[in-house]
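Structural overview
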Amino acid sequence: MAVTKGVLERYREFLPITAKTPMITLGEGDTPLVRSRQIEKEFGCELYFKLEGCNPTGSFKDRGMVVAVAKAVEGGSRAIICASTGNTSASAAAYGAGFGLSTFVIVPQGGIALGKMAQAVVYGARIIAIDGSFDQALSLVRTLSQKHPVTVVNSINPYRLEGQKTAAFEIVDALGDAPDYLFIPVGNAGNITAYWRGFVEYHGAGKAKSTPRMMGFQAEGSAPIVQGKVIEEPKTIASAIRIGNPASWEGAVAARDESGGLIDLVTDDEILSAYRLLAREEGIFGEPASAASVAGLIKVARQGISLKGKKVVCIITGAGLKDPDTAIKDAEPPIELAAELSAIEQALDLS
Ligand code: AN7
């Protein structure tokens, strides 16, 4: 097996790379595209899951972060800053640490999952938890970056979406063409924008014959695009997509309209049931926000959009271990027993 290449090297011809860009990597990209064994049966489609939780910090953010950080280093930046619902900050902290930049992250207090906080801490980021929302954190980050020499690595940094579009390339490279439908969670709306760009560019380069319908899903209490208005106090169990005023709003709407897709909402109950279904039926543990894509698939299929015979990809944007609290919150506690064979056999109905 060869030394890992990373997104910059593998897709350099499609990325804004110059002779001076450092070709850094932490092993991002090249994530698995795994065929469904159970869920696809109900809908008669050919369903695949793109496991973005297999990136080095456990989410798709690494694809964009590697480009943003490479360009920051190239430009002589010493520090990066982001607002985050958790995954962007974990990724920024990792790439900042790995490539010699100070990392500042601003998060909504109590609003990010435990695993993501653990990552920012261990990678050595300086962390500010504000008494406010992600949207307020992002607005503060914009102002701070105008006043101080720090590079923003939220998706308002154009290099982020450039990197994230490589996931669309990988899907086409794996399937030989674009799928018919792509289901994806929507928070700050950068990822749906980036995927659409990737599919369009690959199609333009003759690497795909078609482009997919882009099917984006917001959580019910955080669905500004669906409702057509900013949500001041967004709510949802899926903390990653608890965002009320997405930075890439227009990009998401364009992706929806140009692709003939839709952006709809799913309830927290639908998200949690898709989260469990994915784990129990497929053996895939995504974080709650990721399950919004699967919840969306189930919703539209039950509403009557026929997926029969179609190629469908669901993006599992982040790893389930990011959010252990949600995982065990409503779980039955383990059965506690003495270290005794017969008692265990009885409890497991093996007697
Ligand atoms: C697992 O980390 O916004 O629509 O600050 O972590 O591109 O925002 C995370 C978003 C989906 C939504 N799934 O993607 C952040 C942040 C997971 C995520 C999304 C996020 P965008």
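Notes on the structure in this doc start here. (Residues numbered from 1 in each chain as written. Predicted model: local features only at pLDDT ≥ 70, side-chain atom pairs only at ≥ 80, totals over all residues. Heavy atoms only, no water.)

Considerations on the site of the ligand
Of all residues adjacent to the ligand, which total 22 residues, the nearest are N87, T88, N188, A189 and T317. A distance of 2.7 Å is found between an oxygen atom of the ligand and a side-chain nitrogen or oxygen belonging to N87. Contact distances for the ligand include 2.8 Å between an oxygen atom and a backbone N or O atom of N191. Taking 480 Å² as the accessible area of the ligand by itself, protein coverage stands at 98%. Elements represented by at least two residues in the shell around the ligand include exactly α4 (87–98) and α9 (190–204). Its residues placed into classes, the shell around the ligand shows nine nonpolar, eleven polar and two charged. (Near = heavy atom within 4 Å. Polar contact = N/O pair within 3.5 Å; in protein donor to acceptor, adjacent residues only side chain to side chain. Areas by Shrake-Rupley, 256 points an atom, 1.4 Å probe, with all protein chains shown as cover. Helix = DSSP H or I, 4+ residues; strand = E, 2+ residues; numbered from the N terminus. Nonpolar A, V, L, I, M, F, W, Y, C, P; charged D, E, K, R; others polar.)

Re the environment of L138
Here L138 lies in helix α6 (residues 134–147). Its relative accessible area of 4% is what places L138 among the buried residues. (Buried < 20%, exposed > 50% of the residue type's maximum accessible area, 1.4 Å probe, protein only.)

A closer look at the sheet that holds strand β4 (residues 102–108)
Pairing is parallel across the open sheet formed by four strands, whose spatial order is β5-β4-β3-β6. With one partner strand each, in any of the chains shown, β5 (126–130) and β6 (151–152) form the two edges of the open sheet. Pairing geometry for β4 and β5, over five bridges, is parallel. Note on β5: the bridge partner recorded for F104 is R126. (Pairing = 2+ DSSP bridges.)

Remarks on the nonpolar core
Of all hydrophobic cores here, the largest spans 51 residues; its most connected members are L8, I171, L182, I192, Y195, F199 and M214. Looking at which element gives the most residues to this core, the answer is helix α3 (residues 61–74), with seven residues. If near-sequence neighbours (up to four positions away) are discounted, F199 is found in contact with A168, I171, V172, A178, P179, L182, T211, P212 and M214. Core analysis: the second largest hydrophobic core is formed by 34 residues, L47, A240, I298 and V300 among them. (Core = buried A, V, L, I, M, F, W, Y, C linked by side-chain atoms within 4.5 Å. Contact = heavy atoms within 4.5 Å.)

Quick notes on the pattern of salt bridges
Under the criterion given, the structure shown has 15 salt bridges. As a salt-bridge pair, K299 and D264 come within 3.3 Å of each other at their nearest N and O atoms. Of the two residues, K299 is situated in helix α13 (residues 288–303) and D264 in strand β9 (residues 262–266); the sequence distance between them amounts to 35 residues. Put simply, R10, K50, E52, R63 and E170 are held in one network by salt bridges that share partners. (Salt bridge = Lys/Arg side-chain N within 4 Å of Asp/Glu carboxyl O.)

Looking at the side chain of S259
Within the secondary structure layout, S259 lies in helix α11 (residues 249–259). Note on S259: relative accessible area 10%, which makes it buried. Among the polar contacts made by the side chain of S259, one reaches the main-chain carbonyl oxygen of A255 at a distance of 2.7 Å. One polar contact links the side chain of S259 to the main-chain amide nitrogen of G261, over a distance of 3.3 Å. In contact with S259, not counting residues within four places along its chain, are W196, P212, R213, M214 and A254.

What about the packing of aromatic side chains?
By the definition in use, this model includes nine aromatic pairs. Taking the centre distance of 4.8 Å and the plane angle of 55° together, the rings of F14 and F169 count as tilted. Here F169 lies in helix α8 (residues 166–175) and F14 lies in the loop between α1 (6–10) and β1 (33–35), a separation of 155 residues in the sequence. Members of the aromatic cluster, each reached through a chain of ring pairs, are Y11, F14, F169 and Y202. (Phe/Tyr/Trp six-rings, centres within 6.5 Å; stacked < 30°, edge-to-face > 60°.)

As for unusual backbone geometry
Residue D30 is not a glycine yet carries a positive backbone phi of 55°. Inspection of the secondary structure puts D30 in the loop between α1 and β1. When its relative accessible area of 55% is taken as the criterion, D30 is described as exposed. Even without being glycine, A189 reaches a positive phi, approximately 75°. One can find A189 in the loop between β7 (181–185) and α9.

As for helix α12 (residues 268–282)
Taking 1.5 Å as the rise per residue, α12 with 15 residues should run 21 Å; its terminal C-alpha atoms sit 20 Å apart, in good agreement. Every buried residue of α12 is accounted for by I271, L272, A274, Y275, L278 and E282. Down the axis, α12 shows its buried residues gathered within 160° of arc, on one side only. Of the residues in α12, the exposed ones pointing more than 90 degrees away from the buried face are D269 and R280. Positioned one or two residues after α12, G283 has a phi angle of 75°, which is positive. (Expected span 1.5 Å × (residues − 1). Arc of directions from axis to C-beta.)

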